[in-house]
Amino acid sequence: MIFSFQKGIGKAFHSKKMKGACLNKLRGVKFSISLIALICTTLLIWAWESTPLLTNFLPPSEHFDVHLGMPSAVIHSEIPPNHVDFKDRQQPTEDDSAEARTPVGPIIQVMHQVSENVDANTMPDLVDEKARLGTSPSIATLSGSSGVVPDDDKVSDTATNKKRGCNYGKGKWIVDKKRPLYSGFGCKQWLSEMWACRLTQRTDFSYETFRWQPENCEMPEFRESAFLSRMRHKTLAFIGDSLGRQQFQSMMCMITGGRETSDVENVGGTYGLIKAHGAVRPDGWAYRFPRTNTTILYYWSASLCELEPLNRSDPATHYAMHLDRPAFFLKHFLPQFDVVVLNTGHHWNRGKIIANRWEMYVGGKPIANRKLAQIANAKNFTVYSVVKWLDSQLPLHPGLKGFYRSISPRHFVNGDWNTGGSCDNSTPLADGSEVTQDHSSDSVAEGAVMGTNVKLLDITALSELRDECHISKYSIKASTGVHDCLHWCLPGVPDAWNELLYAQI
Ligand SMILES: *[C@@H]1O[C@H](CO)[C@@H](O)[C@H](O)[C@H]1NC(C)=O
Ligand SMILES: *[C@@H]1O[C@H](CO)[C@@H](O)[C@H](O)[C@H]1NC(C)=O
Ligand SMILES: *[C@@H]1O[C@H](CO)[C@@H](O)[C@H](O)[C@H]1NC(C)=O
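Residues numbered from 1 in each chain as written. Chains lettered and ligands numbered in written order. Predicted model: local features only at pLDDT ≥ 70, side-chain atom pairs only at ≥ 80, totals over all residues. Heavy atoms only, no water.

Applied cut-off: UniProt positions are given in the numbering used here, feature names are shortened, and annotations may be inferred rather than shown by experiment.
Per an unreviewed UniProt entry, the recorded name for the protein is Trichome birefringence-like N-terminal domain-containing protein, and the organism is Platanthera zijinensis. What the UniProt record of the protein gives under Subcellular location (unreviewed entry) is the line "Golgi apparatus membrane". UniProt, in the comment section headed Sequence similarities (unreviewed entry), describes the protein in these words: "Belongs to the PC-esterase family. TBL subfamily."

Listed below in structure tokens is the structure:
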């Protein structure tokens, strides 16, 4: 029932998307002149003085005093003995895996056994993000109103963007002979095989040759040496789910140009990122480029919440998933980061939460509010909480830049990952190459950062145009028939996310 419900929404989304694409085209032709005229007029009027209206857009900053805790040793002493019976064996897990991986991780081992039994290409039971996106007011409004006369809102948005910089998420994909930035054959050192589409039977690689060009922003060409000099003596941390890991791998490949590099140091131990006994992999990775003393790290936190075992002596313990507390790793190591990029999204669904034995807590107690206990509300609450917390930390760590990355879109057609859904299109940009909306397609992310100094890394709408860039049916192992329309081929779309990050650092 759930699946057919999702299917229905998927269809609805699809047609909405088509409608959106048509409107985009229409707008491109008809409205651009009047829009430009209006914008110019507005800018002329507003350019040289800061009106009360404009200053109203500048966020007030909120300050919270949050106590940073515990020595890092605690991370490991928290790990209870292994072995739990993972109920959900039928349900394949994403290979890179185990949303259960947390600072406390008895589920890790079993989860990895599960994921080893299934193909690399298997998918998590994902939240109906797409459905949510498809029905979200922002998309509905945007495709409905992207229309005829630009309203006041739009004009003031544009003026605000000009004033405050620009909107990196608005622009278009263009062919660039200098793409990709590294080879999918070459970057073996950092790229997981399951994401290196060059190593699979896939034959069309035209998708690799596009670059994202924001409409109103200067985009510096990504150069390894320039990036590393800018990040001299600095640490960049990606914290989030497997899509965050993709962005991390992409960054490692971009920085090295995909070439084998022998001088990069593994500094995972410094962050407690050590493979636990019996685990297939650690909870994250950290690498240091000695020439510039730059560290790039990734930590697995699917929900961004602190997870606390409810009974430390019980190997099958449930966990308090504290929606109002950031993941311990994030909180603990934040003072050592210079740039932090957070993401979450695809693990917010009932199936995952039950399978992981997560119990949602707020204020140190199980959630009593039934409305808040609904997954979409709990996710929204968490995203707002973690962004607000990060914002509260920024003044304590001058120079720290905090980003929240908007949701990475999925492209399953005719089903979900486990009901025969696929993403077979291989023609780049079949639905258009431009994002013209001013708002993010991820209204939760956009709302959460609003009024804070945390920046939105808004990749949703631009990635939405790239349905041909997923792993799809390809795999280097024997295919299970399950398509991956969530993760991206690398090199690919996450490289563009990193270019946008680079432009904003
Ligand atoms: C490397 O950078 C860190 C800051 O990220 C700094 O504390 C450390 O002293 C630097 N090491 C060297 C050898 O310069
Ligand atoms: C915690 O787990 C242990 C081992 O399963 C069990 O014996 C004990 O009764 C549990 N404690 C509580 C408070 O439930
Ligand atoms: C998300 O939470 C914020 C803060 O509590 C609230 O203002 C907003 O309306 C919520 N959004 C949704 C979609 O529930």
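The rest of the description comes next.
**Some points on the nonpolar core**
Here is the rule we go by: Throughout this description, the term nonpolar core refers to a set of buried Ala, Val, Leu, Ile, Met, Phe, Trp, Tyr and Cys residues connected via side-chain atoms within 4.5 Å. Think of it in three bands: with a 1.4 Å probe and only protein chains considered, a residue is buried below 20% of the maximum accessible area for its type, exposed above 50%, and partly exposed in between. Two residues qualify as a contact provided that any one of their heavy atoms is within 4.5 Å of a heavy atom in the partner residue.
Counting residues in each nonpolar core, the largest one holds 76 residues, and the members touching the most others are Phe-227, Leu-236, Phe-238, Met-251, Ile-296 and Leu-501. Those residues in contact with Leu-501 that lie beyond four places of it in its chain are Leu-236, Phe-238, Gln-247, Met-251, Val-339, Val-341, Phe-403 and Leu-457. One finds Ala-327, Leu-330, Phe-337 and Val-387 within the second-largest nonpolar core, a separate group that totals 31 residues.

**Details of the pairing of strand 16 (residues 484–488)**
Each regular strand shows side chains that alternate between the opposite faces of the sheet. Note the threshold: Only DSSP runs of H or I with at least four residues qualify as helices, and only runs of E with at least two residues qualify as strands; both kinds are numbered from the N terminus onward. Note: two strands are recorded as paired if DSSP finds a minimum of 2 bridges between them.
Burial runs high along strand 16: five of the five residues are buried. Summarising the sheet, strand 15 (residues 470–472) and strand 16 pair through two bridges and their orientation is antiparallel. Pairing of His-470 across the sheet is with Trp-488, part of strand 16.

**Some details on the sheet that holds strand 10 (residues 358–362)**
Condition: For helices, the fitted axis covers only the stretch in contact; all axes are lines through C-alpha atoms, and the angles between them, taken along N-to-C directions, range from 0 to 180 degrees.
Ordered in space as 7-8-10-11, the four strands form an open sheet in which the pairing is mixed. Of all strands in the sheet, those with a lone pairing partner are strand 7 (305–309) and strand 11 (365–366), marking the two edges. Across two bridges, strand 10 lies against strand 11 in antiparallel orientation. Across the sheet, residue Val-362 finds its bridge partner in strand 11, namely Lys-365. Contacts from helix 13 (residues 375–393) reach strand 7, strand 8 (319–326) and strand 10 within the one sheet, and its direction differs from that of strand 8 by about 50°.

**Quick look at the state of the cysteines**
The criterion, for reference: Disulfides are defined as cysteine sulfur pairs within 2.5 Å.
If you walk through the whole model with that rule in mind, you get four disulfides. Here Cys-187 engages in a disulfide with Cys-253; their sulfurs sit 2.1 Å apart. The disulfide joining Cys-187 to Cys-253 has a torsion of about -100° about its S-S bond and is therefore left-handed. Residue Cys-187 is found in the loop between strand 1 (171–175) and strand 2 (210–214), and its partner Cys-253 is found in helix 9 (residues 242–256); the two are separated by 66 residues along the sequence. A single burial state applies to Cys-187 and to Cys-253, both of which are buried. Between the sulfur atoms of Cys-197 and its disulfide partner Cys-489 the distance amounts to 2.0 Å. One disulfide, between Cys-197 and Cys-489, carries an S-S torsion of -85° and so falls in the left-handed class. Here Cys-489 lies in the loop between strand 16 and helix 16 (493–504) and Cys-197 lies in the loop between strand 1 and strand 2, a separation of 292 residues in the sequence. Each member of the pair Cys-197 and Cys-489 is classed as buried. The connectivity of the disulfide bonds within the protein can be written as 1-4, 2-5, 3-8, 6-7, using the sequence rank of each bonded cysteine. A disulfide-free cysteine, Cys-469 has its sulfur positioned 7.1 Å from the sulfur of Cys-489, the nearest such atom.

**Some thoughts on the packing of aromatic side chains**
Here is the rule: Here a pair means two rings of Phe, Tyr or Trp (six-membered ring of Trp) with centres within 6.5 Å. Their orientation is stacked below 30 degrees between planes, edge-to-face above 60, and tilted elsewhere. For a Lys NZ or an Arg CZ to count as sitting over a ring, it must be within 6 Å of the ring centre and within 35 degrees of the ring normal.
As enumerated under the stated definition, the model contains 15 aromatic pairs in all. A centroid spacing of 4.7 Å and a plane angle of 50° characterise the contact between Phe-329 and Phe-333, whose relative ring orientation is tilted. Taken together, the residues span about one helical turn, with Phe-329 and Phe-333 both in helix 10 (residues 328–333) at a distance of four residues. Assigned by exposure class, Phe-329 and Phe-333 land together as buried. If you follow Arg-198 out to its NZ or CZ, it ends over the ring of Phe-205, 3.8 Å from the centre. Positioned above the aromatic ring of Trp-173 is the side chain of Arg-466, whose terminal nitrogen or guanidinium carbon lies 4.4 Å from the ring centre.

**Let's talk about the site of ligand 2**
Operational definition: The near set for a molecule or strand comprises every residue that places at least one heavy atom within 4 Å of it. Distance and chemistry together define a polar contact, namely a pair of N or O atoms within 3.5 Å, with one atom able to donate a hydrogen and the other to accept it when in protein, and with adjacent residues in sequence counting only for side-chain atoms on both sides. Method for areas: the Shrake-Rupley scheme with a 1.4 Å probe, in which residue coverage is limited to the protein chains shown.
The immediate surroundings of ligand 2 are formed by Asn-311, Ser-313 and Asp-314. At 2.3 Å from an oxygen atom of ligand 2 is found a side-chain nitrogen or oxygen belonging to Asn-311. About the coverage of ligand 2: the protein hides 28% of its 360 Å² of free accessible area.

**As for empty space enclosed by the protein**
We count it as follows: The rule is simple: put a 1 Å grid over the protein atoms alone, call a set of points where a 1.4 Å probe fits but cannot get out a cavity, call an open set with protein on both sides within 12 Å along at least five of seven lines a pocket, and count a residue as lining if it has an atom within 4 Å of a point. Grid points are joined across faces, edges and corners, and a volume is the space filled by probe spheres set on the points. In the scheme used here, Gly and all other residues not listed as nonpolar or charged are polar, with Ala, Val, Leu, Ile, Met, Phe, Trp, Tyr, Cys and Pro taken as nonpolar and Asp, Glu, Lys and Arg as charged.
Following the criterion strictly, the structure yields six cavities of 30 Å³ or more and no others. Glu-208, Phe-210, Gly-492, Val-493 and Asp-495 are the residues nearest the centre of the largest cavity, which is lined by 15 residues in total. Every element with two or more residues in the lining of the largest cavity is listed here: strand 2 and helix 16. For the lining of the largest cavity, the element with the most residues is helix 16, which contributes four residues. Of the residues assigned to the lining of the largest cavity, the class counts are eight nonpolar, one polar and six charged.

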